[in-house]
Amino acid sequence: MNNLDNQQDSFFCLDIGTRSIMGIVATLIDEKLAILHSVTEFHRDRVMLDGQIHDIEGVTKIAKIVKNRLEDELGYELKEVSI
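Residues numbered from 1 in each chain as written. Predicted model: local features only at pLDDT ≥ 70, side-chain atom pairs only at ≥ 80, totals over all residues. Heavy atoms only, no water.

Peer 1: Where do I start with the overall build of the chain in this structure?
Peer 2: Helix and strand counts for the chain stand at two helices and five strands. Helices (α) and strands (β) of the chain occur, in sequence order from the N terminus, as α-β-β-β-β-β-α. Each principal axis of the C-alpha distribution contributes one length, and for the chain these read about 40 × 25 × 15 Å. At a minimum sequence separation of 6, the contacts of the chain that also span at least 24 residues come to 45%. Charged side chains of the chain number 9 positive and 15 negative; the gap between the two group centres comes to 7 Å. (Helix = DSSP H or I, 4+ residues; strand = E, 2+ residues; numbered from the N terminus. Contact = heavy atoms within 4.5 Å. Lys, Arg positive; Asp, Glu negative; His and termini not counted. Charge placed at Lys NZ, Arg CZ, Asp CG, Glu CD.)

Peer 1: Hey, could you run me through the sheet that holds strand 2 (residues 20-29) in this one?
Peer 2: Sheets are built from strands paired through backbone hydrogen bonds, the pairs being either parallel or antiparallel. Taken in spatial order, the three strands make up an open sheet running 1-2-3, and their pairing is antiparallel. Single-partner strands in this sheet number two, and they are strand 1 (10-16) and strand 3 (32-42). Sheet twist, expressed as the mean angle between neighbouring strand axes with direction ignored, is 20°. Note that strand 2 and strand 3 share 10 bridges and pair antiparallel. By the bridge assignment for strand 3, Ile21 is matched with Glu41. Its contacts with the sheet put helix 2 (residues 56-74) on strand 1, strand 2 and strand 3, and the angle it makes with strand 3 is roughly 130°. (Pairing = 2+ DSSP bridges. Axes fitted to C-alpha atoms, helices over the stretch in contact; angles between N-to-C directions.)

Peer 1: What's the story with the nonpolar core in this structure? I'm lost.
Peer 2: What tends to happen in soluble globular proteins is that the nonpolar side chains get buried as a cluster. Counting residues in each nonpolar core, the largest one holds 15 residues, and the members touching the most others are Phe12, Leu14, Ile21, Val25, Val66, Leu70 and Leu78. Every element with two or more residues in this core is listed here: strand 1, strand 2 and helix 2. Per-element accounting of this core gives the leading share, six residues, to helix 2. Residue contacts for Val25: discarding those within four places in its chain leaves Ser10, Phe11, Phe12, Ala34, Ile35, Leu36, His37, Leu70, Leu74, Tyr76 and Leu78. (Core = buried A, V, L, I, M, F, W, Y, C linked by side-chain atoms within 4.5 Å. Buried < 20%, exposed > 50% of the residue type's maximum accessible area, 1.4 Å probe, protein only.)

Peer 1: It is not clear to me how the pattern of salt bridges should be interpreted in this structure. Could you clarify?
Peer 2: All chains considered together, the criterion is met by three salt bridges. The residue Arg69 makes a salt bridge to Glu41 at a minimum N-O spacing of 2.6 Å. Placement of the pair is Arg69 in helix 2 and Glu41 in strand 3, with a sequence separation of 28 residues. Looking at Glu41, the relative accessible area reads 15%, which means it is buried. Taking the shortest distance from any N to any O, the salt bridge between Lys67 and Glu71 comes out at 2.7 Å. Placement of both Lys67 and Glu71 in helix 2 is noted, with a separation of four residues, approximately one turn of the helix. One continuous salt-bridge network, built from bridges that share partners, spans Glu41, Arg44 and Arg69. (Salt bridge = Lys/Arg side-chain N within 4 Å of Asp/Glu carboxyl O.)

Written as structure tokens, this is what we have:
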């Protein structure tokens, strides 16, 4: 598949955790989820405590880094996300 096909059939998901944010882009192949690429970035400060966001700007910065790295690897813009 080329990048355009992947873009139309892919899912972008973010897991915002206490220590890190993970981004995954996957697609369905033969009714099974296949991961195209994933990125994990760790929070640099204590922006999350006990699973709750305490610094929205800090979490947003890391989420943007994850999204940008995924877009660079995949070669297309990610416009919708599931959290």
